[in-house]
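Listed here are the chains, written in short residue letters.
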Amino acid sequence: MEQLRDMIARVARSQAPVHISGESGTGKELVARMIHESGARREGPFVAVNCGAIPTELMESELFGHKRGSFTGAVADKKGLVQSADGGTLFLDEVADLPLHMQVKLLRALQERAVRPVGSEAEVAVNVRVISATHRDLGKLLAQGSFRQDLYYRLNVIEIRTPPLREHPEDIAQLATAILARLAQANTLGAPPALDPEALRRLQKYGFPGNVRELENILERAVTLSDGKHIAADELQLRGDHADSAAAPPTPGTAGGVALEQQMEDIERRAIREALEKARYNKTRAAVLLGMSFRSLRYRIKKLGIE
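This write-up is about the structure you can find in this document. Everything numeric in this text was worked out from a predicted model, so none of it was measured.

Rules used in this analysis
- Residues numbered from 1 in each chain as written.
- Predicted model: local features only at pLDDT ≥ 70, side-chain atom pairs only at ≥ 80, totals over all residues.
- Heavy atoms only, no water.
- Helix = DSSP H or I, 4+ residues; strand = E, 2+ residues; numbered from the N terminus.
- Rg over C-alpha atoms; globule rule 2.2 N^0.38 Å.
- Buried < 20%, exposed > 50% of the residue type's maximum accessible area, 1.4 Å probe, protein only.
- Contact = heavy atoms within 4.5 Å.
- Areas by Shrake-Rupley, 256 points an atom, 1.4 Å probe, with all protein chains shown as cover.
- 1 Å grid on protein atoms, 1.4 Å probe; cavity = no way out; pocket = protein on both sides within 12 Å on 5 of 7 lines; lining within 4 Å.
- Points joined across faces, edges and corners; volume = space filled by probe spheres on them.
- Nonpolar A, V, L, I, M, F, W, Y, C, P; charged D, E, K, R; others polar.
- Core = buried A, V, L, I, M, F, W, Y, C linked by side-chain atoms within 4.5 Å.

1. Some thoughts on the overall build of the chain
Phase 1 of the analysis: For the chain, the count of helices and strands is 13 helices and 11 strands.
Phase 2 of the analysis: Relative to the compact-globule value of 19 Å for 307 residues, the chain shows a C-alpha radius of gyration of 21 Å, a close match.
Phase 3 of the analysis: Projected onto its principal axes, the C-alpha coordinates of the chain cover approximately 65 × 45 × 40 Å.
Phase 4 of the analysis: Split into buried and exposed, the 307 residues of the chain put 43% on the buried side.
Phase 5 of the analysis: Counted over contacts in the chain with a minimum sequence separation of 6, partners at least 24 positions apart contribute 71%.
Phase 6 of the analysis: By element, 49% of the accessible surface of the chain is carried by carbon and sulfur atoms, the whole surface being about 16500 Å².

2. Considering the layout of surface pockets
Phase 1 of the analysis: Size it by volume and the second largest pocket reaches roughly 300 Å³.
Phase 2 of the analysis: Every residue lining the second largest pocket is counted, 17 residues in all, and those nearest its centre are Pro17, Leu110, Arg113, Val128 and Val130.
Phase 3 of the analysis: Among the secondary structure elements, those contributing two or more residues to the lining of the second largest pocket are α5 (100–112), β8 (129–134) and α7 (149–155).
Phase 4 of the analysis: With 3 residues, the single largest contributor to the lining of the second largest pocket is α5.
Phase 5 of the analysis: Here the residues of the lining of the second largest pocket are counted per class, giving 11 nonpolar, 2 polar and 4 charged.

3. Quick notes on the nonpolar core
Phase 1 of the analysis: Leu90 and Leu92 are the most contacted members of the largest nonpolar core, which has 29 residues in total.
Phase 2 of the analysis: The set of elements that each furnish at least two residues to this core consists of β2 (46–50), α3 (59–64), β5 (89–93), α5, α6 (138–144) and α7.
Phase 3 of the analysis: The element contributing the most residues to this core is α5, with 5 residues.
Phase 4 of the analysis: If we skip the residues at most four places from it in the chain, leucine 92 touches Val49, Cys51, Leu106, Val130, Ile131, Ser132 and Ala133.
Phase 5 of the analysis: Counting residues in hydrophobic clusters, the runner-up holds 21 residues, among them Leu175, Ala176, Leu183 and Ile218.

Structural data, given as structure tokens:
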């Protein structure tokens, strides 16, 4: 974590585009926010865009804005998300999910430093620093032809990798302490509960397919099940055989192995269902519990096939 913070401090001094790569749940948006807050644009807006959560037919309007009457339902002029980030930072999360036609338009906007709202004949100048992120391998997408090479080089001037939690188990104790302190404050518990030595050992041996996000979910559940003072190993309720494995999750194709992506989707599906149950199936409240926008939650529900 110290190495990552040092890299963030260095990158924050420049205005070059940054691409953050890493598995889901490793804190890519947190890194982007830290770069913004540590740099010269800290007084400007930080606008996060989940490229995978915007319907394709609305993507151009959402990113670049539109003029009144430009299409059915456009009852007023609307500023796009790129314009909203003017003077600050535009964070393009899951940028690999952009369809090819939008990749072309985004590339032009970045090159010209201007956007053209839907239905407008004039371009509007914008001054933004772009930080992008994805959990997918952009190199493979380039080879497959599903991501433009010119856009890749425009976005990937500086690359930061957020490592999966299983690669730095020595940081788990500090992360758990910070998470437990936040949970104690949110639940008005007073002093945060302490992890028993065996509980910490189990966490440090766990594979964490869902990374830090999964650690947060595990600790939130454990706090609920504990006596409020100590968290025992069995109160962690670690799933599967990962609790006793320091290795990475099983490789697809091995005996009994499950693809990492499938494991992550299962964890995400479970977390969304738990949030929906807590919120009595009110999606707006569930989105707040999960720390995401209503639109993102609706997209994930559809993608994961949650009834």
